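Structural overview for review
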Amino acid sequence: MNVAAESSKWRTARVKERKVSLGLLLRLGIGLLVLAFFAYRFYGVLARQAYGAETWARLAISGLIIGSVYAVIALGYTLVYGILFMINFAHGEVMMIGAFAGYFVLEAFAASGFSARQPVLAILITFLAGMTVSMLVGISLERIAYRPLRGAPRLVPLISAIGASIFLQNAAQLMFGSMRRTYSNPPALERNVGWVLDVAGKPVSITYTGVLTFAFSVVLMIGLYLLVQRTRLGRAMRAVAENKEAAALMGVDVDRVIANTFAISGVLAGAAGVMWGLHNGIIYHYVGFIPGLKAFTAAVLGGIGNIPGAMLGGIVLGIAESLAPAVLDIPFQLKDVLAFAVLVLVLIFRPTGILGEVLAEEKV
């Protein structure tokens, strides 16, 4: 009887091994085909000399700037996921609210002439306003939409997050209208104005708004990393992410830590919203949806729950989205398709992302 049972287990294990091997070979084959297609298209672009060195430089710079914004938004996704194991799909709308807050502050400053007289102070106050409003929205979301569902199955808060996202979009449309609004940058920070580099005899512009966006994103990313690794709040956040019950027994106020996590996430989203408005110029009630989805893609690409992974994923996604249409010789309007194709490929070939997920508790 024991021999028969052992034989059955051995056969089952062999079947599983064959299935794993077939799945691995299939993924490997698809991966090689994708790489061969990329190489073929890129060789055609290089052979035709379709783009000069200055174009590649412009695309790379644009990718770095937009990638840094994706990274800042992705940090909000990964922070919340690391603590609660839920995807806050309303995070893009929190960014949108921050962008609107910055817009109205800049409009007031432009009307009074303050942004022309004190451009640095005007920009600082604009960021402060966007980050504060988004922080309050993030805290409110946690208290109203997520905290009552803390012990519910994981699908329930996910549905609540989608509902919160739709609610915020419609609330913004009702309050601010559906028209597109243009950011009134201070004269010292006009869009499409900046330094000019010479690349292969052609001018390549590095805009002031691009430099500000990239530099401030790096500061925020480093600041968040230090906060999580070096401060008392960061230790409490890591303890809650590790084990909520044990953290509570050790005296950590779990509810407060979770609320602080949403507040930090909101601050990052608000900063990203203001940066988006300053650099791209146009905002409206739907402006947070696509960047939010791409930032989620960046978080998955880097390894959701992993802070350095979210930073890396955002930068990689931004550069890939900017360069890939030129590499594949396809219209640049399809860059969004390529960004989400990256998400599909990551989920197929490396579901844990580039740097791997950071999960302390077993997924339920």
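Calculation rules
- Residues numbered from 1 in each chain as written.
- Predicted model: local features only at pLDDT ≥ 70, side-chain atom pairs only at ≥ 80, totals over all residues.
- Heavy atoms only, no water.
- Helix = DSSP H or I, 4+ residues; strand = E, 2+ residues; numbered from the N terminus.
- Rg over C-alpha atoms; globule rule 2.2 N^0.38 Å.
- Buried < 20%, exposed > 50% of the residue type's maximum accessible area, 1.4 Å probe, protein only.
- Contact = heavy atoms within 4.5 Å.
- Areas by Shrake-Rupley, 256 points an atom, 1.4 Å probe, with all protein chains shown as cover.
- Lys, Arg positive; Asp, Glu negative; His and termini not counted.
- Charge placed at Lys NZ, Arg CZ, Asp CG, Glu CD.
- Salt bridge = Lys/Arg side-chain N within 4 Å of Asp/Glu carboxyl O.
- Polar contact = N/O pair within 3.5 Å; in protein donor to acceptor, adjacent residues only side chain to side chain.
- Axes fitted to C-alpha atoms, helices over the stretch in contact; angles between N-to-C directions.
- Parallel < 35°, antiparallel > 145°, perpendicular 65-115°, else oblique.
- Left-handed = near helix turned anticlockwise from the far one by under 90°.
- Nonpolar A, V, L, I, M, F, W, Y, C, P; charged D, E, K, R; others polar.
- Arc of directions from axis to C-beta.
- Core = buried A, V, L, I, M, F, W, Y, C linked by side-chain atoms within 4.5 Å.

1. What to know about the overall build of the protein chain
- Helix and strand content of the protein chain: 13 helices and four strands.
- Scaling as 2.2 N^0.38, a compact globule of 364 residues should have a C-alpha radius of gyration of about 21 Å, and the protein chain matches this with 23 Å.
- Based on the C-alpha atoms only, the size of the protein chain along its principal axes is roughly 90 × 65 × 40 Å.
- A total of 364 residues make up the protein chain; the buried ones form 44% of that total.
- The contacts in the protein chain between residues at least 6 apart in sequence include a share of 77% that link residues at least 24 apart.
- Carbon and sulfur atoms make up 68% of the accessible area of the protein chain, which amounts to about 18,400 Å² in all.
- Computed over 29 positive and 18 negative side-chain charges, the inter-centroid distance for the protein chain is 3 Å.

2. Focus on the side chain of arginine 181
- Note that arginine 181 resides in strand 1 (residues 181-182).
- We note that arginine 181 is buried and unpaired, the nearest opposite charge coming from glutamate 107 at a distance of 6.8 Å.
- In this structure the side chain of arginine 181 is engaged in a polar contact, spanning 2.5 Å, whose partner is the backbone oxygen of phenylalanine 176.
- Among residues more than four places away in sequence, those in contact with arginine 181 are Phe100, Tyr103, Phe104, Phe176, Gly281, Ile282 and Ile283.

3. Notes on the side chain of threonine 126
- Considering the arrangement of structural elements, one finds threonine 126 in helix 5 (residues 119-146).
- Relative accessible area serves as the criterion here: at 1%, threonine 126 is assigned to the buried category.
- Among the polar contacts made by the side chain of threonine 126, one reaches the main-chain carbonyl oxygen of alanine 122 at a distance of 2.7 Å.
- With sequence-adjacent residues up to four places away left out, threonine 126 is seen in contact with Gly102, Val105, Leu106, Phe109 and Val274.

4. Some remarks on the packing of helix 12 (residues 307-328) against helix 13 (residues 335-349)
- It is the contact of helix 12 with helix 13, at a shortest axis distance of 9 Å, that shows an interaxial angle of 120 degrees. The angle between helix 12 and helix 13 places the two elements in the oblique class. For helix 12 against helix 13, the interelement crossing comes out right-handed. Contacts between helix 12 and helix 13 pair Leu317, Glu321, Ala324, Pro325 and Leu328 from the former with Lys335, Leu338, Ala339 and Val342 from the latter.
- Within the contact of helix 12 with helix 13, the residues separate by chemical class into seven nonpolar, no polar and two charged.

5. Concerning the environment of phenylalanine 340
- By the element assignment, phenylalanine 340 lies in helix 13.
- Residue class for phenylalanine 340 comes out partly exposed when judged on its relative accessible area of 27%.
- With near-sequence residues (within four places) excluded, phenylalanine 340 lies in contact with Leu293, Lys294 and Thr297.

6. Side note on helix 8 (residues 232-242)
- Along helix 8, the residues that are buried comprise Gly234, Ala236, Met237, Val240 and Ala241. End-on, the buried residues of helix 8 take up no more than an arc of 160 degrees, which puts them together on one face. Of the residues in helix 8, the exposed ones pointing more than 90 degrees away from the buried face are Arg232 and Glu242.
- Those residues of helix 8 hidden inside the fold are in contact with helix 2 (53-84), helix 7 (208-230), helix 9 (244-249) and helix 10 (254-280).

7. Some points on the pattern of salt bridges
- The tally for this structure, following the rule as stated, stands at seven salt bridges.
- Of the charged contacts in the structure, one is a salt bridge between arginine 48 and aspartate 329, with a shortest N-O distance of 2.5 Å. Of the two residues, arginine 48 sits in helix 1 (residues 2-48) while aspartate 329 sits in the loop between helix 12 and helix 13, which places them 281 residues apart along the sequence.
- Put simply, glutamate 142 and arginine 150 hold a salt bridge, and the shortest N to O gap is 2.9 Å.
- Counted as one network, the salt bridges with shared partners bring together Glu142, Arg147, Arg150 and Asp255.

8. Observations regarding the nonpolar core
- Ranked by size, the top nonpolar core spans 79 residues in total, and within it Leu75, Leu79, Tyr146, Tyr183, Leu224, Leu268 and Leu278 carry the most contacts.
- No other element matches the 14 residues that helix 2 contributes to this core.
- In this structure, leucine 268 is in contact with Val72, Leu75, Gly76, Leu79, Leu220 and Leu224, ignoring residues within four places of it in sequence.
- Judged by nonpolar contacts, the second largest core, of five residues, contains Val105, Phe109, Ala122 and Ala129.

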